[in-house]
Amino acid sequence: MKQTFVLLLTLMLILTASVAVAQLGELVQDFTVVNENGTLTALSGLLQTKKAVLLHFFAGWLDEDYSDLPAVQAAYAQYGEDIGFIVVSVEEQETVQSLAAARAQNELTDLPLSLGGLSEFRQFGSAYIPLTVVVNADGTSGFEFDGVLGAEALERVLAVFVRTDGPLAMETVPQEAE
(Lines give C-alpha, C1' and ligand atoms only; values in the text may rest on other atoms or scores of the structure.)
Protein backbone atom coordinates (compact mmCIF):
# COMPACT_ATOMS: atom_id res chain seq x y z
CA MET A 1 0.00 0.00 0.00
CA LYS A 2 2.78 2.40 0.95
CA GLN A 3 4.64 1.63 -2.31
CA THR A 4 1.50 2.30 -4.33
CA PHE A 5 1.04 5.67 -2.61
CA VAL A 6 4.67 6.65 -3.22
CA LEU A 7 4.39 5.57 -6.85
CA LEU A 8 1.20 7.61 -7.36
CA LEU A 9 2.70 10.65 -5.64
CA THR A 10 5.83 10.42 -7.80
CA LEU A 11 3.73 10.09 -10.95
CA MET A 12 1.66 13.14 -9.99
CA LEU A 13 4.80 15.20 -9.40
CA ILE A 14 6.23 14.19 -12.76
CA LEU A 15 3.01 15.03 -14.58
CA THR A 16 2.59 18.43 -12.92
CA ALA A 17 6.24 19.30 -13.50
CA SER A 18 5.90 18.57 -17.21
CA VAL A 19 3.18 21.22 -17.72
CA ALA A 20 4.92 24.26 -19.19
CA VAL A 21 3.80 27.52 -17.60
CA ALA A 22 4.62 30.63 -19.61
CA GLN A 23 6.30 33.19 -17.37
CA LEU A 24 6.72 36.87 -18.16
CA GLY A 25 9.49 37.24 -20.75
CA GLU A 26 9.39 33.57 -21.78
CA LEU A 27 8.22 32.01 -25.02
CA VAL A 28 4.46 31.46 -25.27
CA GLN A 29 3.44 28.11 -26.73
CA ASP A 30 1.82 28.51 -30.16
CA PHE A 31 -1.85 27.59 -30.51
CA THR A 32 -4.79 27.85 -32.87
CA VAL A 33 -8.36 28.79 -31.95
CA VAL A 34 -11.66 28.47 -33.81
CA ASN A 35 -13.32 31.82 -34.45
CA GLU A 36 -17.08 32.14 -34.14
CA ASN A 37 -17.38 32.18 -37.95
CA GLY A 38 -15.56 28.83 -38.19
CA THR A 39 -12.18 30.13 -39.36
CA LEU A 40 -8.93 29.32 -37.57
CA THR A 41 -6.53 31.84 -36.06
CA ALA A 42 -3.00 30.84 -35.04
CA LEU A 43 -0.95 32.89 -32.61
CA SER A 44 2.14 32.37 -34.80
CA GLY A 45 0.26 33.68 -37.86
CA LEU A 46 -0.65 36.94 -36.14
CA LEU A 47 2.88 37.34 -34.78
CA GLN A 48 4.24 37.33 -38.34
CA THR A 49 2.29 40.44 -39.29
CA LYS A 50 1.69 42.37 -36.04
CA LYS A 51 3.86 44.20 -33.49
CA ALA A 52 2.27 42.16 -30.69
CA VAL A 53 -0.80 40.00 -29.99
CA LEU A 54 -3.30 40.60 -27.22
CA LEU A 55 -4.71 37.37 -25.76
CA HIS A 56 -7.87 37.85 -23.73
CA PHE A 57 -9.33 34.78 -22.02
CA PHE A 58 -12.90 35.03 -20.70
CA ALA A 59 -15.79 32.80 -19.61
CA GLY A 60 -19.51 33.36 -19.95
CA TRP A 61 -20.39 31.76 -16.63
CA LEU A 62 -19.00 34.85 -14.87
CA ASP A 63 -21.08 37.94 -15.69
CA GLU A 64 -18.13 40.20 -14.88
CA ASP A 65 -16.03 38.54 -17.61
CA TYR A 66 -18.35 39.81 -20.30
CA SER A 67 -18.09 43.27 -18.75
CA ASP A 68 -14.44 43.41 -19.84
CA LEU A 69 -15.25 42.77 -23.51
CA PRO A 70 -16.31 46.36 -24.35
CA ALA A 71 -12.86 47.60 -23.23
CA VAL A 72 -11.24 44.97 -25.45
CA GLN A 73 -13.54 46.03 -28.32
CA ALA A 74 -12.41 49.66 -27.90
CA ALA A 75 -8.76 48.58 -27.89
CA TYR A 76 -9.35 46.50 -31.01
CA ALA A 77 -10.89 49.48 -32.78
CA GLN A 78 -7.90 51.64 -31.84
CA TYR A 79 -4.99 49.19 -32.20
CA GLY A 80 -6.26 46.39 -34.47
CA GLU A 81 -4.02 47.38 -37.36
CA ASP A 82 -0.81 47.11 -35.31
CA ILE A 83 -1.75 44.50 -32.71
CA GLY A 84 -3.39 41.12 -33.28
CA PHE A 85 -6.28 40.09 -31.06
CA ILE A 86 -7.26 36.61 -29.88
CA VAL A 87 -10.30 36.92 -27.61
CA VAL A 88 -11.17 33.41 -26.55
CA SER A 89 -13.60 31.72 -24.19
CA VAL A 90 -12.21 29.17 -21.75
CA GLU A 91 -15.65 27.72 -21.15
CA GLU A 92 -15.84 24.19 -22.56
CA GLN A 93 -19.60 24.43 -23.18
CA GLU A 94 -19.33 27.76 -25.01
CA THR A 95 -21.03 27.70 -28.41
CA VAL A 96 -21.25 29.96 -31.41
CA GLN A 97 -24.74 30.89 -30.17
CA SER A 98 -23.51 31.91 -26.70
CA LEU A 99 -20.73 34.00 -28.29
CA ALA A 100 -23.37 35.69 -30.45
CA ALA A 101 -25.38 36.43 -27.29
CA ALA A 102 -22.26 37.91 -25.61
CA ARG A 103 -21.65 39.99 -28.74
CA ALA A 104 -25.24 41.34 -28.69
CA GLN A 105 -25.30 41.84 -24.90
CA ASN A 106 -22.11 43.93 -24.99
CA GLU A 107 -22.73 45.67 -28.32
CA LEU A 108 -19.52 44.24 -29.78
CA THR A 109 -19.20 45.08 -33.43
CA ASP A 110 -16.14 43.58 -35.08
CA LEU A 111 -14.16 42.15 -32.16
CA PRO A 112 -13.15 38.59 -33.13
CA LEU A 113 -14.40 36.04 -30.57
CA SER A 114 -13.15 32.46 -30.41
CA LEU A 115 -13.97 29.13 -28.78
CA GLY A 116 -11.87 26.47 -27.12
CA GLY A 117 -9.25 28.40 -25.17
CA LEU A 118 -9.09 26.37 -21.96
CA SER A 119 -5.83 24.50 -22.71
CA GLU A 120 -4.24 27.71 -24.03
CA PHE A 121 -5.31 29.53 -20.86
CA ARG A 122 -3.69 26.85 -18.68
CA GLN A 123 -0.21 27.51 -20.09
CA PHE A 124 -0.16 30.80 -18.14
CA GLY A 125 -0.76 29.14 -14.78
CA SER A 126 -3.37 31.72 -13.79
CA ALA A 127 -6.24 31.03 -11.44
CA TYR A 128 -8.14 34.12 -12.60
CA ILE A 129 -10.58 34.78 -15.41
CA PRO A 130 -10.48 37.06 -17.27
CA LEU A 131 -6.79 36.94 -18.10
CA THR A 132 -5.12 39.40 -20.45
CA VAL A 133 -1.71 38.64 -21.96
CA VAL A 134 0.27 40.61 -24.54
CA VAL A 135 2.69 38.53 -26.59
CA ASN A 136 5.68 40.26 -28.20
CA ALA A 137 6.36 39.78 -31.92
CA ASP A 138 9.17 37.37 -30.97
CA GLY A 139 6.63 35.12 -29.21
CA THR A 140 7.56 35.99 -25.63
CA SER A 141 5.09 37.07 -22.96
CA GLY A 142 5.37 40.83 -22.52
CA PHE A 143 2.49 41.57 -20.15
CA GLU A 144 0.06 39.53 -18.06
CA PHE A 145 -2.89 40.72 -15.99
CA ASP A 146 -5.25 38.57 -13.91
CA GLY A 147 -8.76 39.98 -13.61
CA VAL A 148 -10.67 42.82 -15.21
CA LEU A 149 -8.37 45.33 -16.91
CA GLY A 150 -10.23 48.57 -17.59
CA ALA A 151 -10.28 50.42 -20.91
CA GLU A 152 -7.82 53.15 -19.85
CA ALA A 153 -5.28 50.69 -18.46
CA LEU A 154 -5.55 48.45 -21.52
CA GLU A 155 -5.03 51.47 -23.79
CA ARG A 156 -1.90 52.48 -21.87
CA VAL A 157 -0.45 48.97 -22.14
CA LEU A 158 -1.11 48.62 -25.87
CA ALA A 159 0.25 52.12 -26.58
CA VAL A 160 3.61 51.01 -25.18
CA PHE A 161 3.67 47.87 -27.37
CA VAL A 162 2.79 49.87 -30.49
CA ARG A 163 5.61 52.38 -29.86
CA THR A 164 8.24 49.73 -29.08
CA ASP A 165 10.33 47.94 -31.70
CA GLY A 166 11.66 45.16 -29.47
CA PRO A 167 10.28 42.72 -26.93
CA LEU A 168 8.99 44.03 -23.60
CA ALA A 169 8.35 42.44 -20.22
CA MET A 170 6.11 44.83 -18.28
CA GLU A 171 5.05 43.80 -14.80
CA THR A 172 2.63 46.63 -14.19
CA VAL A 173 0.33 48.89 -16.17
CA PRO A 174 2.18 52.06 -17.25
CA GLN A 175 0.86 55.13 -15.44
CA GLU A 176 0.81 57.35 -18.52
CA ALA A 177 0.66 56.78 -22.23
CA GLU A 178 2.79 59.35 -23.97
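To start, this report covers the structure provided alongside it. (Residues numbered from 1 in each chain as written. Predicted model: local features only at pLDDT ≥ 70, side-chain atom pairs only at ≥ 80, totals over all residues. Heavy atoms only, no water.)

So, about the side chain of Ser-114. Checked against the element boundaries, Ser-114 lands in strand β5 (residues 113-115). Here the side chain of Ser-114 touches Asn-35 through a polar contact of 2.7 Å, side chain to side chain. (Helix = DSSP H or I, 4+ residues; strand = E, 2+ residues; numbered from the N terminus. Polar contact = N/O pair within 3.5 Å; in protein donor to acceptor, adjacent residues only side chain to side chain.)

Time to look at the sheet that holds β5. Strand order in the open sheet made by the seven strands is β2-β1-β5-β4-β3-β6-β7, with mixed pairing throughout. At either margin of the open sheet sits one strand with a lone partner, and together these are β2 (40-42) and β7 (141-146). The sheet shows a mean angle of 30 degrees between the axes of neighbouring strands, taken without regard to direction. The pairing of strand β1 (residues 32-35) with β2 spans three bridges and is antiparallel. What sits directly across from Thr-32, in β2, is Ala-42. (Pairing = 2+ DSSP bridges. Axes fitted to C-alpha atoms, helices over the stretch in contact; angles between N-to-C directions.)

One pass over the structure, following the stated rule, counts one salt bridge. Residues Glu-36 and Arg-103 are paired through a salt bridge, measuring 2.1 Å at the closest nitrogen-oxygen approach. Of this pair, Glu-36 sits in the loop between β1 and β2 while Arg-103 sits in helix α5 (residues 96-105), and the two are 67 residues apart along the sequence. (Salt bridge = Lys/Arg side-chain N within 4 Å of Asp/Glu carboxyl O.)

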